[in-house]
Amino acid sequence: MGCGSWVLEQVVPQAHSLRAVWAVSSDDVWAVGDAGAIVHWDGAAWTVAASPTQANLLTVWGADAAHVWAGGQGVLLKFDGSTWQMQPSPTSGSINFISGAAADDVWATGPAARDVYHWDGAQWTQPGAASGAPYILNIGTPIWPAGGERAWAGGCADHVHASLFLWDGSGWSRIDTAVAGCVHAIAGTSPSDVWATAVEYVHGGGSFPTPVNHSLHWDGARWSEVPALPGSFFSPARGEVWVVSGGGSTDGYVYARADGGHFHDFLWLPNIGYTTAMAAAGTADVFIVGEGGLLAHSDGKMIRRFTGPNAGIGSLWAGSGGHAWATVGGSLIRRDNGCWSNVDVGKAAYDQSTGVGPLRMWQLSGSGPDDVWATAGTFAVHWDGETFSQHVIPGGGLTGVWVSPSGDALFLSTSGVYRADGSGFTRVLDGSYLSMWAASESDIWLVQQDPAALSSLVHFDGVATTVVGHFPWSDGAPKTISASGDDDVWATVADTVWHFDGSLMTDMRPSPARVYSLAVAARNDVWVSSLDGLWHFDGAWSKADAPPGVLSASDGVVYSLGLGRICRRP
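Let me sum up the structure you'll find in this document. (Residues numbered from 1 in each chain as written. Predicted model: local features only at pLDDT ≥ 70, side-chain atom pairs only at ≥ 80, totals over all residues. Heavy atoms only, no water.)

**Some thoughts on empty space enclosed by the protein**
Applying the stated criterion across every chain yields a total of one cavity of 30 Å³ or more. In terms of lining, the largest cavity is formed by 14 residues, of which the most central are Ile303, Gly330, Ser331, Asp344 and Pro358. At three residues, strand β30 (residues 303-305) tops the list of elements feeding residues into the lining of the largest cavity. Across the lining of the largest cavity, the residue classes tally to seven nonpolar, four polar and three charged. (1 Å grid on protein atoms, 1.4 Å probe; cavity = no way out; pocket = protein on both sides within 12 Å on 5 of 7 lines; lining within 4 Å. Points joined across faces, edges and corners; volume = space filled by probe spheres on them. Helix = DSSP H or I, 4+ residues; strand = E, 2+ residues; numbered from the N terminus. Nonpolar A, V, L, I, M, F, W, Y, C, P; charged D, E, K, R; others polar.)

**Things to note about the sheet that holds strand β57 (residues 565-569)**
Strand order in the open sheet formed by four strands is β1-β57-β56-β55, with antiparallel pairing between adjacent strands. In this open sheet, the two strands that pair with only one neighbour each are β1 (7-8) and β55 (550-554). Where strand β56 (residues 557-562) meets β57, five bridges bridge the pair, whose relative direction is antiparallel. Paired with valine 558 across the strands is arginine 569, a residue of β57. (Pairing = 2+ DSSP bridges.)

**A word on the state of the cysteines**
The full count for this structure, using the stated rule, is two disulfides. Each sulfur in the disulfide pair cysteine 156 and cysteine 182 lies 1.9 Å from the other. Taking the sign of the S-S torsion, 80 degrees for the link of cysteine 156 and cysteine 182, the bridge is right-handed. Here cysteine 182 lies in strand β19 (residues 182-190) and cysteine 156 lies in the loop between β16 (150-155) and β17 (161-167), a separation of 26 residues in the sequence. A relative accessible area of 2% means that cysteine 156 is categorised as buried. The class of cysteine 182 is buried, set by a relative accessible area of 12%. Ordinal numbering of bonded cysteines along the protein defines a disulfide pattern of 1-4, 2-3. The thiol of cysteine 339 is not disulfide-bonded; the next cysteine sulfur, from cysteine 3, is found 14 Å away. Classification of cysteine 339 by relative accessible area gives partly exposed; the value is 21%. (Disulfide = S-S within 2.5 Å. Buried < 20%, exposed > 50% of the residue type's maximum accessible area, 1.4 Å probe, protein only.)

Spelled out as structure tokens, the structure:
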């Protein structure tokens with residue numbers, strides 16, 4: 001993570017990806033991640049804790065406030081209620097997973113097949129080295145502490161069929177199943193209610209094998225196969241077994257175990273970012289972490305994000321005075337006094353008819369820090385400096401928004417251009433438009449999807465539209481358009497960059513790679529983000545010493561937002 005020669009802006013509380021989280025209680029939650037990142041929730045706010053390492057941390061678990069363990073790439077840490085300190089590790093390799101039943105009954109696994117370790121309150125031993133130990137695949141969570149220094153572990157003894165292993169305090173016993181695959185995860189609520197996920201890789205007609213999940217259950221007497229769930233079992237808290245679908249994508253469902261051993265979906269994770277782990281102080285008190293420093297909380301009904309750009313970044317708007325906003329999935333982040341922080345949009349980003357949300361927001365614009373609009377599908381969200389409100393636009397299918405310095409707002413949709421006023425929305429133009437840039441309401445440039453299925457560059461003078469040129473491709477996705485004047489208009493269409501000089505349109509792409517964002521800071525001061533880097537045009541293209549991202553410019557300042565980082569020039 002870095003910005004090259006650009007300035008890396010502060011993100012609250014930090015921007016390193018987080019890999020694990022554990023809730024000791026509702027007001028004592030720890031999350032760890034890359035570059036030694038450790039953050040803590042005290043019931044009111046997340047803060048960065050002093051870390052004794054720069055190594056990537058992969059796992060965290062705590063018995064109570066004074067016995068919290070974390071492990072990672074070649075390191076083992078312990079929190080004693082006051083500070084985090086390095087601990088002698090039972091292995092020279094990574095500690096990939098830690099869990100326990102009590103402060104003196106802690107289990108850890110490493111990268112090798114026999115790396116299974118136990119802490120009895122005084123020392124680490126290696127049950128994994130005992131005769132008959134499991135062949136653990138350290139993918140997921142293949143061990144579950146059952147209490148009383150007992151633990152279930154999983155693997156595949158013959159490398160073909162799922163096998164389960166029980167450590168009884170002195171030795172291992174093995175139970176082979178007829179289920180194909182290897183056990184990747186185990187979680188339980190009690191010694192007579194343990195769940196395991198076996199993954200079988202099936203070779204079909206494609207180049208790569210397809211993973212197929214099998215679910216297993218232990219009732220205290222035997223293991224049996226049960227209907228498979230779309231994910232792997234894990235324990236977000238002692239006595240809980242959950243499954244999350246989606247494989248870390250920005251959308252997924254969480255299934256919790258209900259009475260009778262059944263699982264039901266109780267939590268949806270929409271548009272919050274790429275998740276890596278979750279923990280719970282209760283089913284209505286869930287903590288979620290992920291890529292780019294993602295920190296989020298769910299009460300079972302609503303999701304609240306605490307952090308910066310770690311979801312799908314849709315748009316960035318920079319105003320005067322150093323104020324800026326960005327859409328990140330189903331939330332917004334704001335720059336104020338040089339610091340970026342998440343802004344809770346609440347129910348304004350939810351579909352009011354279904355209660356589903358937060359829905360992803362795409363484009364935004366504003367006239368100042370207390371007048372900002374963002375689009376989300378068929379409605380727009382407005383910030384007036386105190387509250388967020390939702391406004392349904394009759395045209396639906398919103399693809400863009402522009403707000404004049406005086407606060408007049410224009411919205412693009414698949415049915416035309418609409419102007420917001422005090423009583424609602426008025427259609428100004430018919431047609432399907434993909435993007436817009438404006439100097440004023442009588443000087444508007446648009447990319448239009450015309451009836452010939454070609455994208456066109458269109459100018460609107462407040463009275464009539466004029467098609468000034470056609471792009472040689474059709475592309476229905478929203479695109480970026482920006483300008484410094486009527487003879488200096490830039491647009492990204494079909495992954496390329498085009499320039500209009502007042503009479504001619506020219507293909508100005510800086511490289512063969514796909515282009516996805518541009519910003520015009522001034523004439524001959526144009527910035528473009530592509531898949532192979534950040535490019536600058538000052539009369540000729542050159543590659544910049546900074547990472548690409550979603551771009552915006554105001555008052556000569558250029559911002560670039562990427563996953564977990566915000567860069568600024570100058």
